[in-house]
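Spelled out from the first residue to the last, the chains are:
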Amino acid sequence: MITIKKPEEIELMAQAGRIVAGCFGEIEEILKPGVTTRQLDAKVNDYIKANGGIAAFKGYGGYPANICVSINEEVVHGIPGEREISEADLVSVDIGVLKNGYYGDSARSYLLPPGDPEKEKLLEVTRKALDKGIGMARAGNRLSDISFVIQDFVESYGYSVVRELVGHGIGKQMHEDPQIPNFGRPGNGPVLQPGMTLAIEPMVNIGTWKVETLEDKWTIVTKDKQPSAHFEHTIAITVNGPRILTIGN
Ligand code: MF3
Ligand code: CO
């Protein structure tokens, strides 16, 4: 069941979302070659607690850390640990916060200096694919209009969208209905309405869309070990169009 949020609930979600956005500021301060993924996790957790929130992923389905950090061929759900970030790594960071009973969920990918043209292109296409998807999150559109525009844009660059993982409704729970695939034909699924709150999250691969799970039971990697990027925002559908909740004001 898709829950429609009242305006005051959307304001609470924006408070959670603002903390998530601030977490990325924390990441950006220390994301350099040599930093460990555990240091990123700890800094974000400190910031979330200092702002009266709770790291939403910790303990979710048994997940052992506060955030997900997925590097290069890792798509999502990389577990922070002693691994050091290296030059030219493509680092995808996924962060969820619970505050006042409501969730915010967002992800960003970063490319470490000195960069790499192929990874840079992948990152830009994935970021723009999220923008395109958000652009379709308007009352009167159908849910799969979001899915279609993401797939269509991504595949026009010869890249692929991951099929096994999807975006989702969000609110009082981190994962609510509906599921939001990053592929499909337009014009299907529920009609979008003001008050729907969605986490839209394209995961884009340079090569095959196929993925597999590592022995740690969490980390999802591309089957061909080529790089993957991930961007996500929590948004609300309003009468004035999509409102991004996981930004800083
Ligand atoms: N943003 C991811 C999602 O929407 C994060 C889940 S990680 C988990 O599913 F550890 F919490 F499972
Ligand atoms: Co999500």
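Now for a description of the structure that goes with this document. (Residues numbered from 1 in each chain as written. Chains lettered and ligands numbered in written order. Predicted model: local features only at pLDDT ≥ 70, side-chain atom pairs only at ≥ 80, totals over all residues. Heavy atoms only, no water.)

Attention shifts here to the pairing of strand β14 (residues 233–238). A large share of β14 lies buried, amounting to five of its six residues. Where strand β9 (residues 197–200) and β14 come together, four bridges link them in antiparallel fashion. Its bridge partner being in β14, Leu 198 is matched across the sheet by Ile 235. As paired elements, β14 and strand β15 (residues 241–244) share four bridges and run antiparallel to each other. In the strand pairing of β15, Thr 238 is matched with Gly 241. Counted between consecutive antiparallel strands, the loop separating β14 from β15 contains two residues. (Buried < 20%, exposed > 50% of the residue type's maximum accessible area, 1.4 Å probe, protein only. Helix = DSSP H or I, 4+ residues; strand = E, 2+ residues; numbered from the N terminus. Pairing = 2+ DSSP bridges.)

A separate point is the pattern of salt bridges. Under the criterion given, the structure shown has eleven salt bridges. One salt bridge in this structure joins Arg 83 and Glu 74, with 3.3 Å as the shortest N-O distance. Owing to a relative accessible area of 11%, Glu 74 belongs among the buried residues under this scheme. Close ionic contact of Arg 127 with Asp 131 constitutes a salt bridge, the shortest N to O distance being 3.7 Å. With Arg 127 and Asp 131 both in helix α3 (residues 117–135) and four residues apart, the pair spans about one turn of that helix. A relative accessible area of 31% means that Arg 127 is categorised as partly exposed. On the basis of relative accessibility, which here comes to 42%, the residue Asp 131 falls in the partly exposed class. Salt bridges here are not isolated pairs; linked through shared partners, they connect Glu 26, Glu 29 and Lys 43. (Salt bridge = Lys/Arg side-chain N within 4 Å of Asp/Glu carboxyl O.)

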